[in-house]
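Architecture and fold: a report
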Amino acid sequence: MSVAFRRESDDDHKEPEFELPIAVGPNLVTSRGLRLLGEEVARLEAEIAHTTDEETRKKLQRRLRYFHTRHATAEVQAPPSDGSVGIGSRVTYRLNNAERTITIVGGDEADPALGCVAFSAPLARALIGAEAGESVEYQDRDDAITVLAVETDPETQA
């Protein structure tokens, strides 16, 4: 049999492990977001210390590098004090005749199912800078969103 048809080992044919991608741009977070990043770093470090499987350890170390970088580059943003929408704001708005409430947060703490939307999301970008009573452009409509209320979300400051 030709050497071309033999595999030396399965390791020769594994996909390479790349670092977890880091979003381009500033790493803006709330106070809560910075705390959550620090807690995740501590959790991963503890898990790595107790892991004996080398493959699992490599995966955890890869995640740890990501969260170390995100924690080190985090820029804590105070919510705007002038009543406008910003990071850390809880916003109640009307879109397509439906009223919704979201909190604008950093990318790593975003969880749309819980109403936490990253500041870089299109909806958040449309709302940032607006004040209660204003209509803002969204999806090529000038008055698509009506901002009903803006307040600081106390959970983002914890």
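Refer to the structure presented above.
Residues numbered from 1 in each chain as written. Predicted model: local features only at pLDDT ≥ 70, side-chain atom pairs only at ≥ 80, totals over all residues. Heavy atoms only, no water.

Positive phi, normally seen in glycine, also occurs at Asn-96, with a value near 55 degrees. Along the polypeptide, Asn-96 turns up in the loop between strand 3 (89-95) and strand 4 (98-105). Relative accessible area serves as the criterion here: at 55%, Asn-96 is assigned to the exposed category. If you check the backbone angles, Gln-139 has positive phi at about 55 degrees while not being a glycine. Position of Gln-139 relative to the elements: it lies in the loop between strand 6 (135-138) and strand 7 (141-152). On the basis of relative accessibility, which here comes to 63%, the residue Gln-139 falls in the exposed class. (Helix = DSSP H or I, 4+ residues; strand = E, 2+ residues; numbered from the N terminus. Buried < 20%, exposed > 50% of the residue type's maximum accessible area, 1.4 Å probe, protein only.)

Summed over the entire model, instances satisfying the criterion amount to 1 aromatic pair. When the centroid spacing of 4.9 Å and the interplanar angle of 90 degrees are considered together, the rings of Tyr-66 and Phe-67 count as edge-to-face. The same class applies to Tyr-66 as to Phe-67, namely buried. (Phe/Tyr/Trp six-rings, centres within 6.5 Å; stacked < 30°, edge-to-face > 60°.)

The grouping of Glu-137, Asp-140, Asp-142 and Asp-143 at the surface amounts to a negative patch. Relative to the assigned elements, Asp-140 resides in the loop between strand 6 and strand 7. (Patch = residues over 30% accessible without salt bridge, like charges linked within 9 Å, V, L, I, M, F, W, Y side chains within 5 Å. Areas by Shrake-Rupley, 256 points an atom, 1.4 Å probe, with all protein chains shown as cover. Salt bridge = Lys/Arg side-chain N within 4 Å of Asp/Glu carboxyl O. Lys, Arg positive; Asp, Glu negative; His and termini not counted. Charge placed at Lys NZ, Arg CZ, Asp CG, Glu CD.)

Turning to the nonpolar core, a few remarks are in order. Counting 21 residues, the largest nonpolar core has Val-91, Tyr-93, Ile-102, Ile-104, Leu-127 and Ile-145 as the members making the most contacts within it. Contributions of two or more residues to this core are made by strand 3, strand 4, helix 3 (122-127), strand 6 and strand 7. If one sorts the elements of this core by residue count, helix 3 sits on top with 4 residues. When neighbours within four sequence positions are excluded, Ile-145 is seen to be in contact with Tyr-93, Arg-94, Leu-95, Leu-123, Ala-126, Leu-127, Glu-134, Ser-135, Val-136 and Tyr-138. By size, the runner-up hydrophobic cluster in this structure holds 10 residues, among which are Val-41, Leu-44, Leu-60 and Ala-74. (Core = buried A, V, L, I, M, F, W, Y, C linked by side-chain atoms within 4.5 Å. Contact = heavy atoms within 4.5 Å.)

Bringing the pattern of salt bridges into the picture now. Throughout the structure, instances matching the rule amount to 10 salt bridges. For Arg-43, the salt bridge identified is with Glu-40, shortest N-O distance 2.7 Å. With Arg-43 and Glu-40 both in helix 1 (residues 31-49) and 3 residues apart, this pair spans about one turn of that helix. Overall, Arg-43 belongs to the partly exposed group, its relative accessible area being 38%. Three or more residues joined by partner-sharing salt bridges are found here, namely Glu-40, Arg-43, Glu-47 and Arg-63.

The subject of this paragraph is the side chain of Ser-84. Structurally, Ser-84 is set in the loop between strand 2 (74-76) and strand 3. Of the polar contacts made by the side chain of Ser-84, one reaches the side chain of Asp-82; its length is 2.6 Å. Setting aside its immediate chain neighbours within four residues, Ser-84 contacts Ser-89, Gly-129, Ala-130, Glu-131 and Val-150. (Polar contact = N/O pair within 3.5 Å; in protein donor to acceptor, adjacent residues only side chain to side chain.)

Treat this as a map of the structure, not an account of what it does.
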